[in-house]
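Structural characterization, general
Here are the chains, one letter per residue:
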Amino acid sequence: MSGAEEANTRIAIDGPAGSGKTTTGKLVATRFGFRFFDTGIMYRAATRMAQLQGVAFTDEATIVHSIEESVLEFVFDDAGDFRVFILGADETDSLRSPEVDHGVSTVAALPVVRQLMVQMQRDIAGDDQIVMVGRDIGTVVLPDAELKIYLTASAEERARRRFEQNRSSGIRQNFDEIVTDLKARDVLDSEREASPLRPADDSISVSSDGKSLEEVVDEVAQLVKAAE
Ligand code: DC
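As the structure is a prediction and not an experimental result, all values here were calculated from the model.

**Focus: the packing of aromatic side chains**
This model, assessed by the stated rule, comprises 6 aromatic pairs. Geometrically, the ring pair formed by Phe-32 and Phe-34 is tilted, given 5.8 Å between the ring centres and 45 degrees between the ring planes. With respect to class, Phe-32 is no different from Phe-34; both count as buried. Ring geometry for Phe-37 against Phe-82: centres 4.7 Å apart, planes inclined by 90 degrees, an arrangement best described as edge-to-face. Highlighted residues: Phe-37 in strand S2 (residues 35–38) and Phe-82 in strand S4 (residues 82–86), separated in sequence by 45 residues. For Phe-82, a relative accessible area of 14% corresponds to the buried category. An aromatic cluster of at least three residues, connected via ring pairs, comprises Phe-37, Phe-74, Phe-76 and Phe-82.

**A short note on the site of the ligand**
Taken together, 15 residues surround the ligand, and among them Arg-44, Arg-114, Arg-135, Asp-136 and Arg-192 come closest. One nitrogen or oxygen atom from the side chain of Asp-189 is found 3.2 Å from an oxygen atom belonging to the ligand. Isolated, the ligand exposes 450 Å² of accessible area, and the fraction of that covered by the protein chains is 98%. Mapped onto the shell around the ligand, the elements with two or more residues apiece are helix H2 (40–53), helix H4 (98–108) and helix H8 (175–191). The residue makeup of the shell around the ligand, split by class, is 3 nonpolar, 4 polar and 8 charged.

**A closer look at the pairing of strand S1 (residues 10–14)**
Counting buried positions along S1 yields 5 of 5 residues, so the element is predominantly enclosed. Residues of S1 alternate between two faces, with Arg-10, Ala-12 and Asp-14 on one and Ile-11 and Ile-13 on the opposite face, all of them buried. Relative to strand S6 (residues 130–134), S1 runs parallel, the two sharing 5 bridges. When the sheet's bridge partners are listed, Ile-13 is paired in S6 with Val-133.

**Here's the deal with helix H3 (residues 60–68)**
Turning to H3, its buried residues number three or more, namely Glu-60, Ile-63, Val-64, Ser-66 and Ile-67. Considered in projection along H3, the buried side chains sweep an arc of 160 degrees and stay on one side of the axis. Away from its buried face by more than 90 degrees, H3 exposes Ala-61 and Glu-68. At its buried positions, H3 is contacted by H2, strand S3 (72–76), H4 and helix H5 (111–125). With its phi angle positive at about 60 degrees, Ser-70 sits one or two positions after the end of H3.

**A look at the nonpolar core**
Counting 34 residues, the largest nonpolar core has Ile-63, Leu-72, Val-84, Val-113, Met-117 and Met-132 as its most contacted members. Within the residue set of this core, elements represented by two or more residues are H2, H3, S4, H4, H5, S6 and helix H6 (137–141). A total of 7 residues in this core trace back to one element, the largest contributor, which is H2. Residues contacting Val-84, with those up to four places away along its chain left out, are Ile-41, Ala-45, Leu-72, Glu-73, Phe-74, Ala-89, Asp-90, Glu-91, Thr-92 and Leu-95.

**Section: the pattern of salt bridges**
In this structure the tally under the stated criterion is 20 salt bridges. For Asp-38, the salt bridge goes to Arg-96, with nearest N and O atoms at 3.1 Å. Of this pair, Asp-38 sits in strand S2 while Arg-96 sits in the loop between strand S5 (89–90) and H4, and the two are 58 residues apart along the sequence. You can call Arg-96 partly exposed: its relative accessible area is 37%. The structure contains a network of salt bridges with shared partners spanning Arg-10, Asp-144 and Glu-146.

**Remarks on the side chain of Thr-9**
Topologically, Thr-9 is positioned in the segment before S1. Judged by relative accessible area, which is 1%, Thr-9 ranks as buried. Ignoring any residue separated from it by four or fewer positions in sequence, one finds Thr-9 in contact with Phe-34, Asp-128, Gln-129, Ile-130, Glu-146 and Glu-228.

What counts, and where the lines are drawn
- Residues numbered from 1 in each chain as written.
- Predicted model: local features only at pLDDT ≥ 70, side-chain atom pairs only at ≥ 80, totals over all residues.
- Heavy atoms only, no water.
- Phe/Tyr/Trp six-rings, centres within 6.5 Å; stacked < 30°, edge-to-face > 60°.
- Buried < 20%, exposed > 50% of the residue type's maximum accessible area, 1.4 Å probe, protein only.
- Helix = DSSP H or I, 4+ residues; strand = E, 2+ residues; numbered from the N terminus.
- Near = heavy atom within 4 Å.
- Polar contact = N/O pair within 3.5 Å; in protein donor to acceptor, adjacent residues only side chain to side chain.
- Areas by Shrake-Rupley, 256 points an atom, 1.4 Å probe, with all protein chains shown as cover.
- Nonpolar A, V, L, I, M, F, W, Y, C, P; charged D, E, K, R; others polar.
- Pairing = 2+ DSSP bridges.
- Arc of directions from axis to C-beta.
- Contact = heavy atoms within 4.5 Å.
- Core = buried A, V, L, I, M, F, W, Y, C linked by side-chain atoms within 4.5 Å.
- Salt bridge = Lys/Arg side-chain N within 4 Å of Asp/Glu carboxyl O.

This is how it looks when you write it as structure tokens:
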């Protein structure tokens, strides 16, 4: 795709947990001056909300009701960062806890929760230059995105990265537990009925195994240039 009239480039990056979507996506967005949005935050927010309210992660009606009653609020702050408020309290920093990690695939499998989130994600993307990352961006949220990447890596590589990430954020969790959690999430995310994790037919697969972050970002950046 080329030509001034097609300057809007929406980039969908999907892939399993820990494949490096967020880190890669952010760097690609910075390189091109695009906005960046991580949709996983929204499902994490709904999970944290259920946890704080003592609601079962399978209780779709109550979770949907709380979202509709604005118990959960999503706000872009003055710096353009996305922040999550639950009953008025800023919970953004508690969305990557092992408890949320553990429950989020269950909440993300609830079809009506997904419908609400997908609508908000489309509103956020608008018609603008954006890198949006998740599981169903290329298949459901932005099916007409100009570029769709499916980012993969082996489970061990993904767990190793998650372990390092957790350690630098002060979260203590042992390696084997992370591998088990990641594999369980892979199964739940790809076997659920509502928009399961799968590559879009027109996506380009990029493996990050054995590559440095810079190499992966360069590879994706080349694809962005080709799509512009
Ligand atoms: O990318 P992440 O680990 O923050 O995602 C958290 C969970 O949300 C994960 O289990 C998959 C789910 N998710 C989803 O179903 N659809 C998305 N677009 C993004 C995340």
